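# Observations on the three-dimensional arrangement
Given next are the chains, with one letter for each unit.
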Amino acid sequence: LVEIQSLAAPTNFAQPRRSINGLDFGRVSQILAVLGKIFKIPTSNYDLYVSVAGGLRISEPAADLPTALSILSVFWGKPVNKIAAAAEIGLLGELRTVPQVERRRAEAAKFGFSKFLGPDIGDLARAAKITFR
């Protein structure tokens, strides 16, 4: 289990700054595009910082959903509490399966997470609704 943190700050420049640590820059850019399309988030008006806590490097698509929820948390001003997540996000916002989902779910439960969001949720909009109700 890893923690993904995000911070957004209004930018005064034409080109917003993107600082991504521990995740693939291209995947985060793709997630931003999907978030902009589905939720109409004006990411081009903000500098964005996304980091995996502890200096870890994650290269698997299972980090897509937690990354998206972390970014939504910043823009909506609502925390993600006691929720673990693992799913790849497709270009239309659909959640795709990742290896060992049930093992990930069991591990999250061991650490006290009350909810686990995975590909069975269906899509990013539904995952956001569950997370931020």
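Our structure's up above, just so we're on the same page.
Residues numbered from 1 in each chain as written. Predicted model: local features only at pLDDT ≥ 70, side-chain atom pairs only at ≥ 80, totals over all residues. Heavy atoms only, no water.

### Looking at the pairing of strand 2 (residues 18–21)
Pairing between strand 2 and strand 3 (residues 46–52): four bridges, direction parallel. Across the sheet, the residue bridging to Asn21 is Ser51, located in strand 3. (Pairing = 2+ DSSP bridges. Helix = DSSP H or I, 4+ residues; strand = E, 2+ residues; numbered from the N terminus.)

### Things to note about unusual backbone geometry
A positive phi is found at Lys40, a non-glycine position, where the angle reads about 60 degrees. Here Lys40 lies in the loop between helix 1 (25–39) and strand 3. Judged by its relative accessible area of 64%, Lys40 falls in the exposed class. A positive phi is found at Gln100, a non-glycine position, where the angle reads about 55 degrees. For Gln100, the position within the fold is in the loop between strand 6 (95–96) and helix 3 (101–110). (Buried < 20%, exposed > 50% of the residue type's maximum accessible area, 1.4 Å probe, protein only.)

### Considering a nonpolar patch on the surface
A surface patch of nonpolar side chains, about 320 Å² in accessible area, is lined by Leu1, Phe111 and Phe113. Here Phe111 shows up in the loop between helix 3 and strand 7 (115–117). With relative accessibility at 54%, the residue Phe111 sits in the exposed group. (Patch = residues over 30% accessible without salt bridge, like charges linked within 9 Å, V, L, I, M, F, W, Y side chains within 5 Å. Areas by Shrake-Rupley, 256 points an atom, 1.4 Å probe, with all protein chains shown as cover. Salt bridge = Lys/Arg side-chain N within 4 Å of Asp/Glu carboxyl O.)

### A look at helix 1
Taking 1.5 Å of rise per residue, 15 residues should cover 21 Å, and helix 1 covers 21 Å from first to last C-alpha, within 8% of that figure. Within helix 1, burial applies to Val28, Ile31, Leu32, Val34, Leu35 and Phe39. Each buried residue of helix 1 sits inside an arc of 165 degrees when the element is viewed along its axis, so together they form one side. Facing away from the buried side of helix 1 by more than 90 degrees, the exposed set consists of Ala33 and Lys37. In this structure, the buried residues of helix 1 make contact with strand 2, strand 3, helix 2 (64–76), strand 5 (88–89) and helix 4 (124–131). Put simply, Asp24 is the residue that caps the front of helix 1, since its side-chain oxygen is 3.2 Å from the backbone nitrogen of Gly26. Looking one or two places after helix 1, you find Lys40, whose phi comes out positive at around 60 degrees. (Expected span 1.5 Å × (residues − 1). Arc of directions from axis to C-beta. Contact = heavy atoms within 4.5 Å. Polar contact = N/O pair within 3.5 Å; in protein donor to acceptor, adjacent residues only side chain to side chain.)

Function-wise, these values are silent; they only describe arrangement.
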